[in-house]
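Residue-level structural notes
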Protein chains: 2
Amino acid sequence: MTDAADLLYHVDGELVPAAEATVNVRDRGFMYGDAAFETMRAYGGEVFRWDAHADRLRGTCETLGMDHGLTDADLKDRVDETLAANDLADAYVKLSISRGVQPGKLDPDPAVDPTVVVYVSPLPRGGTAPDAEPVWDGPAALQTVRTQRVPDRAIPADAKTHNYLNGILARLELRSSDADEAMLRDAEGYVAEGATSNLFLVDDGGLRTPSLDGPVLPGVTRDTVLDLAAEEGIPVEEDQLTPADVRDADEVFLTNSTWEVRPVATVDGVDVTPGDATPENADRDAGPLTTLLARLYARRVERVHYGDD
Amino acid sequence: MTDAADLLYHVDGELVPAAEATVNVRDRGFMYGDAAFETMRAYGGEVFRWDAHADRLRGTCETLGMDHGLTDADLKDRVDETLAANDLADAYVKLSISRGVQPGKLDPDPAVDPTVVVYVSPLPRGGTAPDAEPVWDGPAALQTVRTQRVPDRAIPADAKTHNYLNGILARLELRSSDADEAMLRDAEGYVAEGATSNLFLVDDGGLRTPSLDGPVLPGVTRDTVLDLAAEEGIPVEEDQLTPADVRDADEVFLTNSTWEVRPVATVDGVDVTPGDATPENADRDAGPLTTLLARLYARRVERVHYGDD
């Protein structure tokens, strides 16, 4: 969403120029962040793992008690129309559903006239395609922050909502540092996730990642990586990790739909680049298992969306 | 904000009909709830305790790292203009400042072009004025909820932001009950506050209210009540309260700028109306100290805004 000037967004059933894409100031999405969203990737004109995103979105709306009355197919149509109208094949896609305008009380009215917004933006294919460009500015510098992840009992972490200040406060702590992703912990001090990413580490040839029992978003990319690891016979532990575990890991990487698999170069200023980085992967400072998973991820995208194999 | 059809709001420096008062869908207020706000009351055309609200708003913006560049005087001008344009003397006023539209990253850019919105709505004077109407639909029915207050370490409670889902989830738990305000607890199980109100109880002729050491909004009305109690020589303890303390109290009341002092009739279904309610206050089910503080509050409003005494 760098320069939106020439893009069309989909707002409330209409395609409108991004500059004129608005919601009323009484929209509960604006007043309270009372809205659900998904961030997705389109490759070759199709959203990657649409069903998984639609599932999670349905779950978020359920948590919010928001019966918006739209089918998954209707939502997908809006996304597809927006991609087509912008002539976009490889793109960033964000789909938001807010509870819309309701009478002036905090209590949500069960009768919902939702505001549905589709944002798109060109995003190069990435991965291992011949024309691939990394979709991140180099490997990540991860920094433990004081801001604690919102506990599930306050707002369930599996709901992806427009209440994003927790992540923003975490990122604000990085303003005076070189780090570009925050590592948030739960109330007990265990690592939860990044502000916009799930975290994985490599230890003894296996993967470890914070369990969804903690305040951790069940990332669709996280899920894909777990699936790829299972197919490849790579052992995975979902458990409780400390920042020290992350700093001492053989490799560390982050996942989200936009970044796909993004290697981490430093954690709290400590270099976590593996000593045995090959010349082939040194430009991305990625260890061997990170590199393998990034390739498997790209291959899956290619198989699903471009018919390559 | 019941029927906004004929009202003018102030958006980004312009007075606009409420129906046309919009923000761009890329406004961070909509995308992330990345915005600060204050809810206030105007009496006789003037905002009650403007300075206290302006102070807290400044504090919220500081917590959000949002240097919006507007002076308190400029903000007050916008509020005053909006009241005047709507010919409103006794009114509900909400002032919001969002971080506006920024390049498409979660990290806030230090250069802020804020979106400033003033919402107004007629609200009768209330209190003990000759033409007084209660501004709440009878005394409150309070219900302990499972949703836990967001801890200070995740999002500081003294910041009043557009991230309001925590309170909405708490209110959603009341959907199938007769209760109309949720009692939220902190991570240790102590009472924090209502979804939109601070809580007080009366024990042995003194007041008790959750300490601001917990995840409790420093309410301006709460502060006024503490001040009135001090003037009147009523002892006050700010400490840790359990739901049982609240259920067993002699009297319970809630405060916020809109409700002023609102008596509580039931807590978790238990009647907390004092046995010695006088005929004079029975219609509001308020105990003697609640009634006294409501009158003192109304008297202060009258003295400050209407020159009565």
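Residues numbered from 1 in each chain as written. Chains lettered and ligands numbered in written order. Predicted model: local features only at pLDDT ≥ 70, side-chain atom pairs only at ≥ 80, totals over all residues. Heavy atoms only, no water.

1. As for unusual backbone geometry
Peptide bonds are trans in most cases, and residues, glycine excluded, mostly fall at negative phi. Residue and element names in this part refer to chain B. We note that D12 has phi near 55°; this positive angle belongs to a residue other than glycine. On the secondary structure map, D12 appears in the loop between β1 (8–11) and β2 (14–17). According to the relative accessible area criterion, D12 is partly exposed, its value standing at 45%. Even without glycine at this site, D204 takes up a positive phi of about 50°. Examined against the element boundaries, D204 turns out to sit in the loop between β11 (198–203) and β12 (206–210). (Helix = DSSP H or I, 4+ residues; strand = E, 2+ residues; numbered from the N terminus. Buried < 20%, exposed > 50% of the residue type's maximum accessible area, 1.4 Å probe, protein only.)

2. A short note on the interface of chain B and chain A
Taken together, the contact between chain B and chain A spans 61 residues of the former and 61 residues of the latter. Where chain B abuts chain A, roughly 5,000 Å² becomes buried across the two surfaces, and 62% of that area is made up of carbon and sulfur atoms. The largest per-residue losses of area from chain B upon contact with chain A belong to F30(B), L106(B) and L165(B), which jointly make up 14% of the total buried on that side. Seen at the junction of chain B and chain A, the total is two salt bridges. Linking D107(A) and R171(B) is a salt bridge whose minimum nitrogen-to-oxygen distance equals 2.5 Å. Our count for the chain B to chain A interface comes out at 34 residue pairs in polar contact (both at pLDDT 80 or more). (Contact = heavy atoms within 4.5 Å. Buried area = accessible area lost by both parts, 1.4 Å probe. Salt bridge = Lys/Arg side-chain N within 4 Å of Asp/Glu carboxyl O. Polar contact = N/O pair within 3.5 Å; in protein donor to acceptor, adjacent residues only side chain to side chain.)

3. Observations regarding helix α7 (residues 288–306) of chain A
For an α-helix, 3.6 residues make a turn, and residues three or four places apart therefore share a direction. Residues and elements named next belong to chain A. Given a rise of 1.5 Å per residue, 19 residues ought to cover 27 Å, and the 26 Å separating the end C-alpha atoms of α7 matches this to within 8%. When α7 is considered as a whole, its buried residues turn out to be L289, T290, T291, L293, L296, Y297, A298, R300, V301, E302 and H305. Of the residues flanking the end of α7, it is G307, one or two places downstream, whose phi is positive at about 70°. (Expected span 1.5 Å × (residues − 1).)

4. Examining the domain arrangement of chain A
Residues and elements named next belong to chain A. According to the domain assignment, chain A consists of domain 1 (4–122) and domain 2 (140–305). The C-alpha-based centres of domain 1 and domain 2 are spaced at 26 Å. The partner domain 2 presents 21 residues to the 23 residues of domain 1 that form the contact. The largest per-residue losses of area from domain 1 upon contact with domain 2 belong to F37, F48 and R56, which jointly make up 34% of the total buried on that side. Of all the secondary-structure elements, those providing two or more residues to the side of domain 1 that touches domain 2 are β4 (35–43), β5 (46–47), α2 (50–63) and β6 (91–98). No other element matches β4, which puts eight residues into the side of domain 1 that touches domain 2. (Domains from an automatic or database assignment.)

5. Observations concerning the nonpolar core
One recurring pattern in soluble globular proteins is that nonpolar side chains are buried together. With 108 residues, the main nonpolar core has Y9(A), V25(A), L95(A), Y9(B), V25(B) and L95(B) as its most contacted residues. Ignoring any residue separated from it by four or fewer positions in sequence, one finds V25(B) in contact with Y9(A), V11(A), A21(A), T22(A), V23(A), V117(A), Y119(A), F30(B) and M31(B). (Core = buried A, V, L, I, M, F, W, Y, C linked by side-chain atoms within 4.5 Å.)

6. Here we look at the packing of helix α5 (residues 220–232) of chain A against α7(A)
Residue and element names in this part refer to chain A. Put simply, α5 and α7 touch, their axes get as near as 10 Å, and they point 105° apart. Put simply, α5 runs roughly perpendicular to α7. In contact with T221, T224, V225, D227, L228, A229, E231 and E232 of α5, α7 contributes L292, L293, L296, Y297 and R300. Looking at the contact of α5 with α7, its residues break down into seven nonpolar, two polar and four charged. (Axes fitted to C-alpha atoms, helices over the stretch in contact; angles between N-to-C directions. Parallel < 35°, antiparallel > 145°, perpendicular 65-115°, else oblique. Nonpolar A, V, L, I, M, F, W, Y, C, P; charged D, E, K, R; others polar.)

7. Some thoughts on the environment of D87(B)
Residue and element names in this part refer to chain B. You can see D87 is positioned in the loop between α3 (72–85) and β6 (91–98). Relative accessible area serves as the criterion here: at 71%, D87 is assigned to the exposed category. In the structure, D87 is positioned 35 residues away from P122 in sequence and 9.5 Å away in space, judged by C-alpha atoms.

8. Considerations on the relation of the copies chain B and chain A
With an RMSD of 0.0 Å, the fit of chain B onto chain A corresponds to turning through 180° and sliding 0.0 Å along the axis. Classification of the inter-copy transformation places it as that of a two-fold axis. (Least-squares fit on C-alpha atoms with pLDDT ≥ 70 in both.)

9. Regarding the pattern of salt bridges
Following the criterion strictly, the structure yields 42 salt bridges over all chains and no others. Notably, a salt bridge pairs D34(B) with R28(B), separated by 2.8 Å at the nearest N-O pair. Taken as a pair, D34(B) and R28(B) share a single burial class, namely buried. Salt bridges sharing common partners tie together R28(A), D34(A) and R99(A).

10. Some points on the packing of aromatic side chains
Working definition: an aromatic ring pair is given by the centre-to-centre distance plus the angle between the planes. By the definition in use, this model includes 12 aromatic pairs over all chains. Chaining the aromatic ring pairs together yields one cluster made of Y32(A), F37(B) and Y164(B). The ring of F37(B) has K94(B) lying over it, and the distance from NZ or CZ to the ring centre is 4.6 Å. Across the ring face of W259(B), the terminal group of R262(B) is positioned such that the distance to the ring centre comes to 4.6 Å. (Phe/Tyr/Trp six-rings, centres within 6.5 Å; stacked < 30°, edge-to-face > 60°. Lys NZ or Arg CZ within 6 Å of the ring centre and 35° of its normal.)

11. Topic: the sheet that holds β2(B)
The strands making up a sheet associate through hydrogen bonds between their backbones, and the pairing can be parallel or antiparallel. Residue and element names in this part refer to chain B. The sheet built from six strands is open, its strands ordered β2-β1-β7-β6-β4-β5 with antiparallel pairing. Each edge of the open sheet carries a strand with a single partner, namely β2 and β5 (46–47). Bridging between β6 and strand β7 (residues 115–122) involves eight bridges; their strand directions are antiparallel. When the sheet's bridge partners are listed, A91 is paired in β7 with P122. (Pairing = 2+ DSSP bridges.)

12. Comments concerning the environment of D77(B)
All names here are of chain B. Structurally, D77 can be placed in helix α3. You can call D77 partly exposed: its relative accessible area is 45%. In this structure the C-alpha to C-alpha distance between D77 and P151, which are 74 residues apart in sequence, comes to 35 Å.

13. A few points about α3(B)
All names here are of chain B. Under the 1.5 Å per step criterion, the end-to-end length of α3 is 20 Å for 14 residues, consistent within 8% with the ideal 20 Å. Inspection of α3 places L75, R78, V79, T82 and L83 among the buried residues, and these make up the whole buried set. Looking down the long axis of α3, one finds its buried residues gathered within 130° of arc, a one-sided arrangement. Remark: D87 follows α3 within two positions and exhibits a positive phi of approximately 55°. (Arc of directions from axis to C-beta.)

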